[in-house]
Protein chains: 2
Amino acid sequence: MKYSIIVIGDELLIGQVTDTNSGWIARHMTPRGWDVDTIQVVPDDPDQITRAIDRAFAQTDVVLMTGGLGPTKDDITKPTLCRYFGGELVLDETVEANVRQVMERRHLKLNEYTRLQAMVPSSCRVIQNEVGTAPLMWFERDDKVLVSMPGVPFELKAMMERAVIPQLLARYNDGEDIEFRTFVVTGIIESALAMQLDEFERQMPHGIHLAYLPEGGIIRLRLTGTSTDRDQINADMDRLSRQLHDILGGHIIADGDKRLPEILGDCLREKGLTLSTAESCTGGNIAHEITSIAGSSDYFKGAVVSYANEVKTSILGVSEQDIMDHGVVSEPVVRQMVEGACRVLGTDCAIATSGIAGPGGGTPAKPVGTVWMAAKCGDRVVAQVKQLPGDRDRVITRATLEAQLLLLSLINQK
Amino acid sequence: MKYSIIVIGDELLIGQVTDTNSGWIARHMTPRGWDVDTIQVVPDDPDQITRAIDRAFAQTDVVLMTGGLGPTKDDITKPTLCRYFGGELVLDETVEANVRQVMERRHLKLNEYTRLQAMVPSSCRVIQNEVGTAPLMWFERDDKVLVSMPGVPFELKAMMERAVIPQLLARYNDGEDIEFRTFVVTGIIESALAMQLDEFERQMPHGIHLAYLPEGGIIRLRLTGTSTDRDQINADMDRLSRQLHDILGGHIIADGDKRLPEILGDCLREKGLTLSTAESCTGGNIAHEITSIAGSSDYFKGAVVSYANEVKTSILGVSEQDIMDHGVVSEPVVRQMVEGACRVLGTDCAIATSGIAGPGGGTPAKPVGTVWMAAKCGDRVVAQVKQLPGDRDRVITRATLEAQLLLLSLINQK
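In this text, all values refer to a predicted model and were calculated from it rather than measured experimentally. (Residues numbered from 1 in each chain as written. Chains lettered and ligands numbered in written order. Predicted model: local features only at pLDDT ≥ 70, side-chain atom pairs only at ≥ 80, totals over all residues.)

A. The nonpolar core, seen in detail. Formed by 136 residues in total, the largest nonpolar core has its most connected members in V338 and A341 of chain A together with V338 and A341 of chain B. Ignoring any residue separated from it by four or fewer positions in sequence, one finds A341 of chain A in contact with S276, T277, A278, V304, L316, A350 and A352 of chain A. (Core = buried A, V, L, I, M, F, W, Y, C linked by C-beta atoms within 7 Å. Buried ≥ 20, exposed ≤ 12 C-beta atoms within 10 Å, placed from the backbone. Contact = placed C-beta atoms within 7 Å.)

B. Just the environment of Q404 of chain B, in detail. Residue and element names in this part refer to chain B. Looking at the secondary structure, you find Q404 in helix 16 (residues 392-412). According to the C-beta neighbour criterion, Q404 is buried, with 24 such atoms within 10 Å. Separated by 143 residues in the primary sequence, Q404 and P261 have C-alpha atoms spaced 7.5 Å apart. (Helix = DSSP H or I, 4+ residues; strand = E, 2+ residues; numbered from the N terminus.)

C. How the structure looks around the pairing of strand 16 (residues 370-377) of chain A. All names here are of chain A. Taking burial as the measure, the eight residues of strand 16 include eight buried ones, the bulk of the element. Of the two faces of strand 16, the one lined by T370, W372, A374 and K376 and the one lined by V371, M373, A375 and C377 are each fully buried. By the bridge criterion, seven bridges tie strand 15 (residues 349-355) to strand 16 in an arrangement that is antiparallel. From the neighbouring strand, A352 faces strand 16, where its bridge partner is A374. Two strands pair when backbone bridges link them, and strand 16 and strand 17 (residues 380-387) are joined in this way by eight bridges, in the antiparallel orientation. Of the residues in strand 17, the one forming a bridge with T370 is Q387. Between strand 16 and strand 17, which pair antiparallel and follow one another directly, the connecting turn spans two residues, one of which, G378, has a positive phi of 60 degrees. (Pairing = 2+ DSSP bridges.)

D. Representation of the interface of chain B and chain A. Taken together, the contacts link 74 residues of chain B with 74 residues of chain A. Considering every element that reaches the side of chain B that touches chain A, the biggest residue donor is strand 14 (residues 300-306) of chain B, with seven residues. In this sheet, strand 14 of chain B lies alongside strand 14 (residues 300-306) of chain A in antiparallel orientation, the contact comprising five bridges. Bridge pairing in strand 14 of chain B places V304 of chain A opposite V304 of chain B.

E. Broad picture of the environment of K144 of chain A. Mapped onto the elements of the fold, K144 of chain A is located in strand 8 (residues 144-149). The contact partners of K144 of chain A, leaving out residues within four places of it in the chain, are F57 and D61 of chain A.

F. View of the confidence of the model for chain A. Here chain A shows a mean pLDDT of 92. Residues at 70 or above account for 99%. Predicted complex metrics record ipTM = 0.81 and pTM = 0.82. (pLDDT = per-residue confidence, 0-100.)

G. How the structure looks around the sheet that holds strand 1 (residues 2-8) of chain A. The strand order 6(A)-7(A)-8(A)-3(A)-1(A)-2(A)-2(B)-1(B)-3(B)-8(B)-7(B)-6(B) describes an open sheet built from 12 strands, whose pairing is mixed. Strand pairing shows two members of the sheet lacking a second neighbour, strand 6 (125-127) of chain A together with strand 6 (125-127) of chain B, which therefore form its edges. Taken pair by pair, the neighbouring strands of this sheet meet at an average axis angle of 20 degrees, ignoring direction. (Axes fitted to C-alpha atoms, helices over the stretch in contact; angles between N-to-C directions.)

H. View of the relation of the copies chain B and chain A. With an RMSD of 0.1 Å, chain B superimposes on chain A once it is rotated by 180 degrees and translated 0.0 Å along the axis. Taken together, these values place the two copies in the relation of a two-fold axis. Comparing contact sets, 100% of the residues at the interface of chain B also lie at the interface in chain A, consistent with an isologous, same-surface contact. (Least-squares fit on C-alpha atoms with pLDDT ≥ 70 in both.)

What follows is the structure, encoded as C-alpha cells:
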C-alpha cells in the first residue's frame, strides 16, 4: 500500500525546525507494509497546500498530513481543507470540551485563540486529540483519504499509535506480507561492503531487496521481502541472514534495527557488567546516549565530564605531570581517565575520551578532530587515537560512536 | 528568489535517517533572500526523481537536489539526470583524481565502486567535491538550473558554503534586500503570546511579517522585512523591535536566533562566572548541550552524572538519610546535588536534575515526567519541580531546557 506525506510549516522551509515527523510516520508504517511514495514539505500557504494535495492524490489514495494547525496557524490549513473537501467551518463541542480539559490539566487559561481550535470543517470526521488541543481530521472523498494531524511531534506520535494507524489498517488490507531483517555493520566502508556482497546480491531471490543505510561509522543492511506466501519468505530470509553472517562475520555487531547504545547495553546486561564514562571532548554525550535507552540504570552508574584539567586531576586522579608531559589529548591521560572512572564510580567497565572538537584548539601535531579514547573492561584496557573529519558536532557525534565501539569490541574479545 | 529542494533516498522514506540537509540549506539560503517553495523527499527511483524534477521546475527556476549519490546508489540518480538533461555518462578525469586523493587521505583502497563515482553526465558542469568522493553536478537548460549534491551532511554543508551558494548568488541577483530580527521568548504559551501581540501585528507596516516558531518551552519570534529600500526597512525593524521589548519585557531572553546553551553561555561569560552540572535523569544531556557550543570551556568546568544513588552520595555528598526520607526525586536531593557540583567541580554556578524520565519508575505520588531541578549562583539556590509531558526523550529534552532556564533567570535576577 502506497501513501504520501505532506508536512506543513513555514518554520520547516526556513530550516528553523527539522521535520522528524515524516521519518517517524515512515518508520512505523513501513513494517506494516505501507510505503511512502513521496514526502512534500510546504509552507503555511493555501495555494501551496492545495497543490501538494493534488500532487499527492495523483500518485496515491492516502495522504497523511502533519502540521499547519495550532493557535497562530488555524486560519490557513483548516479553511484550505474545508474548501478542498467541501462543507463549512463549524464549532465541534466535543473538541471544545477536549481543549478545555487539556488546558485545565496544564493549568492554563482558556482564551479566544485556543477556543478557535474547536472549529473544524463539517466535511471531516474528528479524531479527538487525547494529548493536545489541535483535533485530528479524517477526510474522505472519491475513495481517497486524507488525515490531518498536529505537527507537535509528541502529539503526532501518540495519536498515530492510538488512532490513525489502527484505523488505516482497518480500512485497507491488501493481504500481502512484508518481512524485514536488519543487520548493524561496522568496520567496513560502504563501497568495500558492496563489493563483498556483489555475488550475494546477484543471487537474491525475486521479491527480496537489500538496502544499504550508512550513517557515520555504522552501516545498516536491510533485507526486505514481500510476498503472499509468508512461510516461503521467512525461509528465504532465514537462509539469506545466515549467508550474510558467513560473509561478513564480525563486521555484524547486531541483528535487528538497534542503536549502538542499545547494542552495548544489551551486551552489558547479558554479561552482568556495569558501566561509567569519563568524558572530555564528548562533554557528556556518551552518557546522554547511553541513558537515552530505557532501563539503562540497570548497568549505567554515572559519568564524570572532566572538561577542565583540574577536574581530570582532582576527581579522576589523572597525573598532572602526564598532562604536562604528553598533553591532555594523549594516551596516558585517557588511560588514567578510564581507570579513574571505574574506581570513582565503582564500575566494571568504562569509556573515556579526550580530543579536540574544534573549531579552535588544534595544533599541527594534534589538529582539530584528533581524539584519544580508551575503554576498560575488568583488568583489560585498550586505547586508540582517531582523526575524525568534520565540524564540532560531527567530531563529538563520531567520537561518541567510536568510543562505544571500542568498548563493545573489548567486551566481545575472547 | 524562489527555489525548490529535492531530497533523494530510500532511507529517508522508511524513516531510518532524518533529513537534516534541507533544513540546513534553507537556513543558509533564507538570509540571502532565497525562499524555498517546496521540499520533496523521493525514493531512489528514476520515475519518481523525474517526476519530482518536473514538479519543481513547474514552480521554480532553481532546484537544489541532495542525495542519491554514492557507491551503492550511483546507478540510479546519475543516469536519470543524464536522460533528463541529455548527453551520456563519461569518465571525468578530474573527478577520478579527486576520488583517488580523498581515498588516500583516508587511508582507504580504491576499488571499482569508488571509481564509478568518476562517471558523470556530459551535460553537466562538475563542481569538485573537496571533502568527499561524490562530485557535485550543475545542470542548466532553458534558463533553469539544477544542482545535484551529495547527501552526506558534512559534504553537503562544506560544498554549499564553498561553491554552490557563491555561484548561485553570482548567477541570480534581484536587488531586493531582506532583513531579519529574531527574539527568543519563554514563560508564555503560543496562544497567550498571540493575544498579547494582536494589536502589534495589526499595525505592522506593509512588507514586514511576524512568524511564531515554537519549540518545546521556547518560542522564537521572527520579523522578516523585504524591500528595495534598505534604510526604511531597517528603521521599521528597529522600531518594531523596541515595541516588542516594551510589550513582552522579561519574556524575551535574547535578541537574535540563538540556542539556549548559547544564551546561557554568553551570560556566564559576560559576568565571569563558571558552571558545572550534576545530572541524574538528564543523564549528561545538559553538559552535552552546553559543550556543543564552541568556546564553552571558557566557563564550563565539568559535570557529574550521578545516575546511581551511590554516586550521588559518594561524589556529590548527598545525604543518604535524605534520599531515604524524601526519595531521590526530591527538593533536598537536588539542592544537595547543586551544592555538591559547585564544591567538587569548583564552580560559581551549577544546575542539578533528578526525575523520572520513564517509561518505568513512576508512582502515583511521583508519576513519570516528575522532575526536580535546582540552580545555584554564588550563595543563592533555587529549586523547582515540573511535571513534564511525553515520552522518555521528551522528558529528558524538556528537563534539559527547563533546568537551563532556571539558572538563567537566577543569574539575571537583581
